[in-house]
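Structure assessment
For reference, the chains in residue letters:
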Amino acid sequence: MNSASIPTHRTVALVGGTGSGKTTLAEALLFRAGAISRAGDVEHGTTVGDHDPEEIARGTTLGLSLATFNWTGPDGAEHAITLADTPGHPDFVGGVDTALSVADVAVLVVSAVDGVTAGTRAVWTAVQAAGVPCIVVVTQEDKARADFRKVLGELHAAFGDHLWAVELPLGEEQAFRAIADVLSEQALVYDDAGGHRNAPLPPEAEAEEHRMHVDVTEEIVSHDDEQLEAYLEGREPPVEELERTLAKEVATGEAVPVIVCSGVTGTGVDRLADLLCSLAPSALEHDGRIVLGGSGGAGRAEGGGEGGGEGGGQAGTELRVAPNPAGEPLVHVFRTVADPFVGQVSMLKVLSGIVRTGDRLHNATSGADERIHGLFLLRGAEHLPIDALRAGEVGAVAKLTGSPSGSLLWSRTNGTARPAPVPRRAAVFAVTLTPASQSDDEKLSTALARLVAEDPTLVVDRVAGAPILRGLGDVHVAVAVERLARVFGVHVTTGPAPVAYRETIARPAQAEGKLKKQSGGHGQFAIVQLRVSPLPTGGGFEFVDKVVGGAVPRAYIPAVEKGARDALAAGGPQGHPVVDVRVELYDGKSHSVDSSEMAFRTAGSLGVKAALAEAGTVILEPLSVVTVTVPSELQGTVLTDLSGRRGHVSATESAEDGRTRVVASVPDVELSRYVLDLRSMTGGQAELTIAPDRYAKAPNSVKA
């Protein structure tokens, strides 16, 4: 294929709060581009993006969905755009992080009705942390109570004055059928099919539009010496030159354009596609990032250097990889999805080189060797076969069984590397899983492993032998359980996650562990004398050998320690593992024939259990460090609530964005529904992390 005929590619992450209109906007772009014959809607579950049953049932996006289309830009060139529609619900912020890890530009969708919400602030923070250029789209301008100017003021107040409106709605709510192009100072009047014609500005809009035109133009030319000189001489640069300079500012984050449209009526949708082509950086202008994990490198990292070639660097070094189609193949597997019909589908971005069907690549992260069985583009659930993916392009492949999310593929056979990591989102909500049948129990571990491979924000562990599923909220966990049943055929019931209580001995005690059995042949004989005492909190376990005179043969002393450990792990009188204990072996007896390692292991266990029973135990409860970032006016509400949960506040400090950060130590038993209660009391405006901290003696009122 001639390089001139290859469309310029862009991966666009659609991000925004719940209900802002991302999926509807994606549907409108696909329809306007001719990629679909009819625009679906969220209410009826007919959109391209929300195709999973869990999404259709809830009427909201729950996972990252890709949809590709082609567009002829204002310059007449062909452009390929891959939309990455992301969830707005805070439980699924992992999908936002994943999309931003491969995006060339983020389109922050803000409702003209709801304005800047807690969800808007959260995704703005994620975009800035990822360092991805941004364009803001104010959508739902056709709805009742739409107010573009109010929303623009909120955007400036929340995110700064470098957000510049390059469009102005001419009419709002039902009257929204035209847009003022601030740079060209012309009106774009739309028909029912979503097409537009140029027209003069209406007289009532001229003054406001011209004032905005002057402000934006002066901002743009201030970043280009030649344009600034011409402007000061009274020669305003052409619109095309202003857009080129603005595009450079967008790429560096110095400017964020704000535009307006309606995904329902189609007003402004074609204009959005045009501006994505003219203002957003292309895939070939966006370097990839990888981290070396061992010997070898992943390509030259110098700015403008070739992707591929002999790299180098120390383990843990981050490298930037230029998207050179002629470079060494380098592929980022950024998401895997278990498809009930075709098996595992891996979404991938080519950071360097060209990847073709039939290629064999090595997983530099997991060590697996993979064959590219068949490449395709995604349009929701639809697979569009292609022969190759070039540097900067996004697509998918089936059956990469050894390459979970976060893998890096290359043509080398040695060395280790991985993509730059996405932010770690700590789980804050948990349930225990009980398999519905023996068959479900047998398949559960494998299914959970595949579920976590799809969504790394899920965590699986065990407490008191029960499997625990942890996530970012109740909806996150509920959807995961539904997918266990639908995709993997594993049915479970859920219940509250148990609190991982511990016990420790209440006071020092002495005890004897005795095993004396005779049942034909060799018997079993071992006697140990033990002193068991408490250690300071966090002391763990300490075993001390004080035997003299060979009362316990040296060969059997490690067995006594193993027996002590067995007893502590099996649980104390109140049924919980015992910690912070010192066990001292000071005497004992053995038999030349009937003693054995197993006998002394059993005696050691019996002795510790006897000491615990004699001295009694106290309950230790787990505490976690809770960090809440919240608007300052809600600080008192959060502090009062934490106090009611037996929380000890260790710090309150100002966050970088003017909010307040509260740090407290809180018993885990008080945190089972904290994320849900916190969202309710703060209207979703709080950010929460919970990290395990330590154990402390539980009050007598706690019944573990």
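Per chain, residues are indexed from 1 in the order of the written sequence. Per-residue local features are limited, in this predicted model, to residues with pLDDT of at least 70; the limit for side-chain atom pairs, both in listing and counting, is 80 or more; totals at the level of whole chains, interfaces and linings are taken over all residues. Remark: hydrogens and water are excluded; side-chain values derive from all non-hydrogen atoms of the structure.

1. Things to note about the overall build of the protein chain
- Of the regular secondary structure elements, the protein chain holds 15 helices and 37 strands.
- If you line up the protein chain on its principal axes, its C-alpha atoms span 105 × 60 × 50 Å.
- When a residue's accessible area, from a 1.4 Å probe over protein chains only, is under 20% of the maximum for its type it is buried; when over 50% it is exposed; and in between it is partly exposed. In the protein chain, which comprises 704 residues, the share counted as buried stands at 52%.
- Pairs of residues are marked as contacts when any of their non-hydrogen atoms sit within 4.5 Å. Counted over contacts in the protein chain with a minimum sequence separation of 6, partners at least 24 positions apart contribute 71%.
- The Shrake-Rupley method, run with a 1.4 Å probe sphere, supplies the accessible areas, and residue values consider only the shown protein chains as cover. Summing over all exposed atoms, the protein chain offers an accessible surface of approximately 30400 Å²; the carbon and sulfur share of this is 50%. Strands here mean DSSP runs of E at least two residues long; helices mean DSSP runs of H or I at least four residues long; both are numbered from the N terminus.

2. Brief notes about the domain arrangement of the protein chain
- Partitioning the protein chain into structural domains gives domain 1 (8-279), domain 2 (319-419), domain 3 (429-498), domain 4 (503-615) and domain 5 (620-697).
- Domain extents, as shown, originate in an automatic or database domain assignment. Taking only C-alpha atoms, the centre of domain 2 and the centre of domain 5 are 41 Å apart.

3. As for the pairing of strand 19 (residues 375-379)
- Across the 5 residues of strand 19, 4 count as buried, placing the element largely inside the fold.
- Pairing between two strands is assigned when DSSP locates at least 2 bridges connecting them. Here strand 19 pairs with strand 22 (residues 394-398) via 2 bridges, running antiparallel. Bridging across to strand 22, Leu-375 finds its partner in Val-397.
- With 4 bridges joining them, strand 19 and strand 20 (residues 382-385) adopt antiparallel strand pairing. When the bridges of strand 20 are listed, Leu-378 appears paired with His-383.

4. Structural notes on the sheet that holds strand 13 (residues 318-321)
- Across the sheet, which stays open at both edges, the 3 strands sit in the order 13-12-24 with antiparallel pairing between neighbours. Each edge of the open sheet carries a strand with a single partner, namely strand 13 and strand 24 (417-419). Put simply, the sheet's adjacent strands are angled 35° from each other on average, direction ignored.
- When strand 12 (residues 288-292) meets strand 13, the two strands line up antiparallel, connected through 4 bridges. Within strand 13, the position partnered with Val-291 by the bridge is Glu-318. Note on geometry: axes are lines fitted to C-alpha atoms, helical ones only across the stretch in contact, with angles between N-to-C directions running from 0 to 180 degrees.

5. Observations concerning the environment of Ala-603
- Tracing the chain through its elements places Ala-603 in helix 13 (residues 597-615).
- For Ala-603, a relative accessible area of 0% translates into the label buried.
- For the pair Ala-603 and Leu-676, spaced 73 residues apart in the sequence, the C-alpha separation amounts to 49 Å.
- Not counting chain neighbours up to four residues away, the residues in contact with Ala-603 comprise Gly-513, Ala-526 and Val-528.

6. Quick notes on the sheet that holds strand 27 (residues 466-471)
- Taken together, the 4 strands give an open sheet; going across it, the order is 26-27-25-28, and neighbouring strands pair in antiparallel fashion. Pairing within the sheet leaves two strands with one partner each, and these edge strands are strand 26 (459-463) and strand 28 (492-496). Between one strand axis and the next, the sheet turns through 40° on average, direction left out of account.
- As paired strands, strand 25 (residues 429-435) and strand 27 are joined by 4 bridges and run antiparallel to one another. The residue bridging Phe-429 from the neighbouring strand is Gly-471, located in strand 27.

7. Here we look at the pattern of salt bridges
- Any Lys or Arg side-chain nitrogen found within 4 Å of a carboxyl oxygen on Asp or Glu counts as a salt bridge. For the structure on display, the rule yields 32 salt bridges.
- Notably, a salt bridge pairs Arg-483 with Asp-52, separated by 3.9 Å at the nearest N-O pair. One end of the pair, Arg-483, is in helix 11 (residues 474-486); the other, Asp-52, is in the loop between helix 1 (22-32) and helix 2 (53-58), and 431 residues separate them in sequence.
- On the accessibility criterion, Asp-52 (23% relative accessible area) is partly exposed.
- Note that Arg-661 and Glu-653 form a salt bridge whose closest N and O atoms lie 3.2 Å from each other.
- Taken together, the salt bridges that share partners define one network made up of Arg-531, Glu-542, Arg-582 and Glu-584.

8. Description of the packing of helix 1 against helix 9 (residues 269-279)
- Look at helix 1 against helix 9: their axes get within 9 Å of each other, and the N-to-C directions meet at 85°. Judged by the inter-axis angle, helix 1 sits roughly perpendicular to helix 9. In this structure, helix 1 uses Leu-25, Ala-28, Leu-29 and Arg-32 to contact helix 9, whose residues at the interface are Val-269, Asp-270, Leu-272 and Ala-273.
- Classification used: nonpolar for Ala, Val, Leu, Ile, Met, Phe, Trp, Tyr, Cys and Pro, charged for Asp, Glu, Lys and Arg, polar for all others including Gly. The class makeup of the residues in the contact of helix 1 with helix 9 is 6 nonpolar, no polar and 2 charged. For this classification, under 35 degrees means roughly parallel, over 145 means roughly antiparallel, 65 to 115 means roughly perpendicular, and everything else is oblique.

9. Some thoughts on helix 14 (residues 635-644)
- Within helix 14, the full set of buried residues consists of Val-638, Asp-641 and Leu-642. Summarising the axial view, the buried residues of helix 14 lie within an arc of 100°, below the 170-degree limit, and thus occupy one face. Looking at helix 14, the residues exposed on the side facing more than 90 degrees away from the buried face are Thr-640, Ser-643 and Gly-644.
- Where helix 14 is buried, its residues touch strand 34 (617-630), strand 36 (660-667) and helix 15 (674-682).
- At the C-terminal side of helix 14, Arg-646 shows a positive phi close to 65°. Think of the arc as the fan of directions from the helix axis to the C-beta atoms.

10. Considerations on unusual backbone geometry
- Positive phi is not limited to glycine here, since Glu-173 has a value of about 55°.
- Summarising the element assignment, Glu-173 is placed in the loop between strand 7 (167-170) and strand 8 (178-181).
- Glu-173 gets classed as partly exposed once you look at its relative accessible area, which sits at 34%.
- At Lys-399, a residue that is not glycine, the phi angle is positive and equals roughly 65°.

11. A word on the pairing of strand 1 (residues 8-16)
- Strand 1 sits mainly inside the fold: 8 of its 9 residues count as buried.
- Bridge count for strand 1 against strand 3 (residues 78-85) is 7 bridges, and the pairing is parallel. Residue pairing in the sheet places Leu-14 in a bridge with Asp-85 of strand 3.
- With 5 bridges joining them, strand 1 and strand 4 (residues 105-111) adopt parallel strand pairing. By the bridge assignment, Val-15 is partnered in strand 4 with Leu-108.

12. Description of the nonpolar core
- Within this scheme, the nonpolar core is defined by two criteria: the residues are buried Ala, Val, Leu, Ile, Met, Phe, Trp, Tyr or Cys, and they are joined through side-chain atoms within 4.5 Å. If you look at the biggest cluster of nonpolar residues, it comprises 100 residues, and the most contacted ones within it are Val-136, Leu-155 and Val-258.
- Looking at which domains feed residues into this core, each of domain 1 (8-279) and domain 2 (319-419) gives three or more.
- Dropping the residues within four chain positions of it, Val-258 is found in contact with Val-136, Val-138, Phe-148, Leu-152, Leu-155, Leu-163, Trp-164, Ala-165, Val-166 and Glu-167.
- In terms of nonpolar packing, the next biggest core, distinct from the first, is built from 36 residues, Val-428, Leu-448, Leu-484 and Val-487 among them.

13. Quick notes on the packing of aromatic side chains
- Two rings from Phe, Tyr or Trp (for Trp, the six-membered ring) form a pair when their centres sit within 6.5 Å of each other. Planes less than 30 degrees apart are called stacked, planes more than 60 degrees apart edge-to-face, and all others tilted. Summed over all chains, the structure comprises 2 aromatic pairs.
- Residues Trp-124 and Phe-159 carry aromatic rings whose centres are separated by 4.4 Å and whose planes lie at 15° to one another, so their mutual orientation is stacked. Residue Trp-124 is located in helix 4 (residues 118-130), and its partner Phe-159 is located in helix 5 (residues 148-159); the two are separated by 35 residues in the primary sequence. Phe-159 shares its class with Trp-124; the two are buried.
- Judged by centre distance (5.0 Å) and plane angle (20°), the ring pair of Tyr-556 and Phe-600 falls under stacked. A residue pair is termed long-range when its members are at least 10 positions apart, and Tyr-556 in the loop between strand 32 (541-545) and helix 12 (557-570) and Phe-600 in helix 13 qualify at 44 residues. Note on accessibility: Tyr-556 and Phe-600 belong to one class, buried.

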